[in-house]
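Geometric and topological summary
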Amino acid sequence: MNDKKKGKLQISVIIIMILLLVAAFVLLFLGHYSVAFVLFGIFIVIIISISNWIGIKNTEYVYSKSHKNNNKW
């Protein structure tokens, strides 16, 4: 994936997350608790999936760097 598409994807995910959070709070204060709960759940699932993906990406980066350093000797 090139950098331009990756940047657009990141911005769109950030906007979706902000809209989900704002909509959930508004619905919570209006009294629609079940719908707000579902939106909070979707928000949490997105956050967890992003953090897991970043963690895997960081682990692969550390492994590849240590593997390259071990091959120098």
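Residues numbered from 1 in each chain as written. Predicted model: local features only at pLDDT ≥ 70, side-chain atom pairs only at ≥ 80, totals over all residues. Heavy atoms only, no water.

**Here we look at the packing of aromatic side chains**
Evaluated as defined, the whole model comprises 2 aromatic pairs. Here the aromatic rings of F25 and F29 are separated by 6.4 Å at their centres, their planes lie at 20 degrees, and the arrangement is stacked. Remark: F29 and F25 occur in helix α1 (residues 3-30); sequence separation between them is 4 residues, near one turn of the helix. According to the relative accessible area criterion, F29 is exposed, its value standing at 70%. With a centroid separation of 5.3 Å and an interplanar angle of 85 degrees, the aromatic rings of F25 and F40 are classed as edge-to-face. Taken together, the residues span a long stretch of sequence, with F25 in helix α1 and F40 in helix α2 (residues 33-71) at a distance of 15 residues. Members of the aromatic cluster, each reached through a chain of ring pairs, are F25, F29 and F40. (Phe/Tyr/Trp six-rings, centres within 6.5 Å; stacked < 30°, edge-to-face > 60°. Helix = DSSP H or I, 4+ residues; strand = E, 2+ residues; numbered from the N terminus. Buried < 20%, exposed > 50% of the residue type's maximum accessible area, 1.4 Å probe, protein only.)

**What to know about a nonpolar patch on the surface**
Taken together, the side chains of I14, I18, V22, V26 and L30 define a hydrophobic patch exposed on the protein surface, amounting to about 480 Å² of accessible area. Residue position: V26 is located in helix α1. With relative accessibility at 44%, the residue V26 sits in the partly exposed group. (Patch = residues over 30% accessible without salt bridge, like charges linked within 9 Å, V, L, I, M, F, W, Y side chains within 5 Å. Areas by Shrake-Rupley, 256 points an atom, 1.4 Å probe, with all protein chains shown as cover. Salt bridge = Lys/Arg side-chain N within 4 Å of Asp/Glu carboxyl O.)

**A closer look at α1**
Because an α-helix completes one turn every 3.6 residues, residues spaced three or four positions apart along the sequence face the same direction. With 28 residues, α1 extends 40 Å between its outermost C-alpha atoms, agreeing within 8% with the 40 Å of an ideal straight helix rising 1.5 Å per residue. Taken together, the buried positions of α1 are occupied by M17, L20 and A24. Among the residues trailing α1, G31 stands out with phi positive, at a value near 100 degrees. (Expected span 1.5 Å × (residues − 1).)

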